[in-house]
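The residues making up each chain are set out below.
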Amino acid sequence: MDKLFIFDTTLRDGEQVPGCQLNTVEKIQVARALEGLGVDVIEAGFPVSSPGDFHSVVEISKAVTWPTICALTRAVEKDIDAAAEALKYAKKGRIHTGIGTSDYHIRHKFNSNQEEILERAVAATKYAKRLVEDVEFYCEDAGRTDNAYLARVVEAVIKAGATVVNIPDTTGYCLPDEYGAKIKYLMEHVPNVHQAILSTHCHNDLGMATANTVQGVLNGARQVEVTINGIGERAGNTSLEEIAMIFKSHKEREIVTNINTTKIYGISRMVSSLMNMPVQPNKAVVGRNAFAHSSGIHQDGVLKNRESYEIMDPKDIGIDDNAIVLTARSGRAALKHRLSMLGVEMDQEKLDKVYQEFLKLADRKKDINDDDVLMLVGKDRTEMHRIKLEHLQVTSGIGLQSMASVCLNMAGVRRCEAAAGNGPVDAGIKAVKKAISNSDMTIQEFLIQAISKGSDDTGKVHMQVEYNGSIYYGFSANTDIIAASVEAFVDAINKFIV
Ligand code: KIV
Ligand code: ZN
């Protein structure tokens, strides 16, 4: 069996997605869950990019013990210095530096040539190596880089001290046979390749990220860069759970990972909830329908023998059919147990708070499911808001003019307004705009989604609001979808009204 190192970049490539930004406390929560999942490396951020990112890398380094903590840089000394500084508390720290190697990057981005880029690659690796032992080099856009030149860069950075060389398909352009052949070419043409590990880093623009990653591994790569739920720039990155389950299911490939797959479901839901990023229902491994058999023939087959139609046991990814359903009669212990199954640990004070919210929700909704529970955990995110929605009342109906009245608490000052609209949401949002005396924002995207089923279900609302040429993201969840919509609008405006 060959060990495959799992490098998780949910907190860097994943977190770069507009609307998915986490604060440091949330990042630590995800990092701890990744540690529990058994990942080998956590890419914690890009320290030079902002003080917030720098701080998160520092705090994650303190909070996590076993995985290597990695920080991203460009091939620029000030980036590398910032990364080394941010990693100073890491038990095991890695600098991930690199530069574009395709002609697109060399000519158009850097207005340079291959020899100059090779020199910069070597210089950055040597510079980072003086600060930390573990240096990973990325050849950005390797997917579209000529293989002979790529082999020269890989050889040179290994000679300069790189311990891992990352071969990203940055644009998601490659087909599986091409990407596999690229890794094979490097394994066969780079004389010192066995002094380092080759890593895959695939994007999903053509839906090939997982297939390309598998081909990379089958041809010699021994590290994969992945994210939970496949989140990441544009169409996303390779998803961790797919790779872990592929090699667990295909033992004949003799590749093992350190992933405790029974923790996959919990962390998938946690990341989706913290980042307000829904998981598509038919997503492989973690989608709501991944194990739902709807056709009669399938249901019959599964009841006779699960393996007739299921290649994975839902329990292997942490879905427990027998999990206790939470209701208004469930106590703190049951809630705590459910949270811990979902990878969320909290102190008694926070548990008490979440429990109070849980009881309120359980009064309105019969069964509380995992998404509800995670939504409750994130509820205190609005505590810091300067503008809070304290009151909302709407009237609407067929043949009626919709009306809404709202009261906002604006940094301690209560403002109430009413407005008419072409529906209750429109009326509510117009009333909020009146209360804040600002109507310059427009809603660009507005998504209402039920968490599970039933007319008493919680509705999740994602909203994108444009203001002054920038986009701000709002989210809320409520059993009343009109309230959730107005709350999501208020959440978004809190991001720019100071
Ligand atoms: O996609 C990419 O090329 C990257 C690098 C910065 C590693 O994310
Ligand atoms: Zn990437």
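Residues numbered from 1 in each chain as written. Chains lettered and ligands numbered in written order. Predicted model: local features only at pLDDT ≥ 70, side-chain atom pairs only at ≥ 80, totals over all residues. Heavy atoms only, no water.

## Side note on the packing of helix α13 (residues 332-341) against helix α14 (residues 348-364)
Where α13 contacts α14, the axes come no closer than 10 Å and their chain directions differ by 105°. Considering the angle they form, α13 stands roughly perpendicular to α14. Side by side, α13 and α14 meet where Arg332, Leu335, Lys336 and Leu339 of the first sit next to Gln348, Leu351, Asp352, Val354, Tyr355, Gln356 and Phe358 of the second. When its residues are assigned to classes, the contact of α13 with α14 shows six nonpolar, two polar and three charged. (Axes fitted to C-alpha atoms, helices over the stretch in contact; angles between N-to-C directions. Helix = DSSP H or I, 4+ residues; strand = E, 2+ residues; numbered from the N terminus. Parallel < 35°, antiparallel > 145°, perpendicular 65-115°, else oblique. Contact = heavy atoms within 4.5 Å. Nonpolar A, V, L, I, M, F, W, Y, C, P; charged D, E, K, R; others polar.)

## Here we look at the coordination of the zinc ion (ligand 2)
Protein-derived ligands of the zinc ion (ligand 2) are Asp13 (OD), His201 (NE2) and His203 (NE2), with the metal-ligand distances lying across 2.1 to 2.2 Å. Every donor residue of the zinc ion (ligand 2) comes from the same chain, spaced as D-x187-H-x1-H. With Asp13 in helix α1 (residues 10-14) and His201 in strand β8 (residues 197-202), this residue pair connects regions lying 188 residues apart in the sequence. Each member of the pair, Asp13 as well as His201, carries the same accessibility label: buried. (Donors = N, O, S within 2.8 Å, 3.2 Å for Na, K, Ca; no water. Buried < 20%, exposed > 50% of the residue type's maximum accessible area, 1.4 Å probe, protein only.)

## So, the domain arrangement of the protein
One widely used convention gives an interface's size as the accessible area the parts lose upon coming together. Looking at the assigned domains, one finds that the protein contains domain 1 (2-274), domain 2 (291-318), domain 3 (323-384) and domain 4 (385-493). One C-alpha centre belongs to domain 1, the other to domain 3, and the line joining them spans 35 Å. Tallying the contact residues gives ten residues for domain 1 and nine residues for domain 3. Of the roughly 730 Å² buried between domain 1 and domain 3, counting both surfaces, carbon and sulfur atoms make up 50%. Sorting the residues of domain 1 by area buried against domain 3 places Arg269, Met270 and Ser273 first, and these three jointly supply 44% of that buried surface. Counting the contacts that link domain 1 with domain 3 gives zero salt bridges. Applying the counting criterion to the domain 1 and domain 3 interface returns two residue pairs in polar contact (both at pLDDT 80 or more). Sorting the residues of the side of domain 1 that touches domain 3 by element identifies α2 (24-37) and α11 (264-274) as the ones contributing at least two each. Element by element, the count of residues in the side of domain 1 that touches domain 3 is highest for α11, at seven residues. Residue composition of the side of domain 1 that touches domain 3, grouped by class: five nonpolar, three polar and two charged. (Domains from an automatic or database assignment. Buried area = accessible area lost by both parts, 1.4 Å probe. Salt bridge = Lys/Arg side-chain N within 4 Å of Asp/Glu carboxyl O. Polar contact = N/O pair within 3.5 Å; in protein donor to acceptor, adjacent residues only side chain to side chain.)

## Let's talk about the packing of helix α9 (residues 209-218) against helix α10 (residues 240-249)
At a closest axis distance of 10 Å, the pairing of α9 and α10 adopts a crossing angle of 50°. Considering their axes alone, α9 and α10 lie oblique with respect to each other. For the crossing formed where α9 meets α10, the hand is right-handed. Packed against α9, whose contacting residues are Thr210, Thr213, Val214, Val217 and Leu218, the element α10 presents Glu242, Ile243, Ile246 and Phe247 at the interface. Looking at side-chain class alone, the contact of α9 with α10 contains six nonpolar, two polar and one charged residues. (Left-handed = near helix turned anticlockwise from the far one by under 90°.)

## Some points on the site of ligand 1
Around ligand 1, the structure places Arg12, Asp13, His96, Tyr138, Glu140, Asn166, Pro168, Thr170, His201 and His203. The separation between an oxygen atom of ligand 1 and a polar side-chain atom of Asp13 is 3.2 Å. Separating an oxygen atom of ligand 1 from a side-chain N or O atom of His201 is a distance of 3.1 Å. When ligand 1 sits alone it has 260 Å² of accessible area, and the protein chains cover 93% of it. Residue assignment for the shell around ligand 1 shows that the elements contributing at least two residues are α1, β6 (134-140) and β7 (164-169). By residue class, the composition of the shell around ligand 1 is two nonpolar, five polar and three charged. (Near = heavy atom within 4 Å. Areas by Shrake-Rupley, 256 points an atom, 1.4 Å probe, with all protein chains shown as cover.)

## Quick notes on the pairing of strand β2 (residues 5-8)
Where a strand is regular, its side chains alternate between the two sheet faces. Judged from the four bridges that link them, β2 and strand β9 (residues 223-226) form a sheet pairing that is parallel. Pairing of Phe7 across the sheet is with Glu225, part of β9. Relative to strand β3 (residues 41-45), β2 runs parallel, the two sharing two bridges. Each residue of the ladder has a partner; that of Phe7, found in β3, is Val41. (Pairing = 2+ DSSP bridges.)

## Looking at the layout of surface pockets
Taken as a whole, the second largest pocket spans an internal volume of roughly 1,300 Å³. Lining of the second largest pocket is provided by 41 residues; of these, Tyr265, Arg288, Asn369, Asp370 and Ser452 occupy positions nearest its centre. When residues of the lining of the second largest pocket are traced back to their parent elements, those giving at least two are α11, α15 (370-377) and β14 (442-450). Among the elements that take part in the lining of the second largest pocket, α11 stands out by supplying three residues, more than any other. Class assignment for the residues of the lining of the second largest pocket results in 18 nonpolar, six polar and 17 charged. (1 Å grid on protein atoms, 1.4 Å probe; cavity = no way out; pocket = protein on both sides within 12 Å on 5 of 7 lines; lining within 4 Å. Points joined across faces, edges and corners; volume = space filled by probe spheres on them.)

## Here's the deal with the pattern of salt bridges
Here the structure, examined in full by the defined rule, presents 28 salt bridges. Among the ionic pairs, Glu59 bridges to Lys62, the shortest N-O distance being 3.3 Å. Placement of the pair is Glu59 and Lys62 together in helix α3 (residues 51-63), with a separation of three residues, close to one helical turn. Notably, a salt bridge pairs Arg94 with Asp134, separated by 3.0 Å at the nearest N-O pair. One end of the pair, Arg94, is in strand β5 (residues 93-100); the other, Asp134, is in strand β6, with 40 residues separating them in the sequence. In this structure, Arg94 and Asp134 share a single accessibility class: buried. Via salt bridges that share partners, Arg12, Asp13 and Glu43 belong to a single interconnected network.

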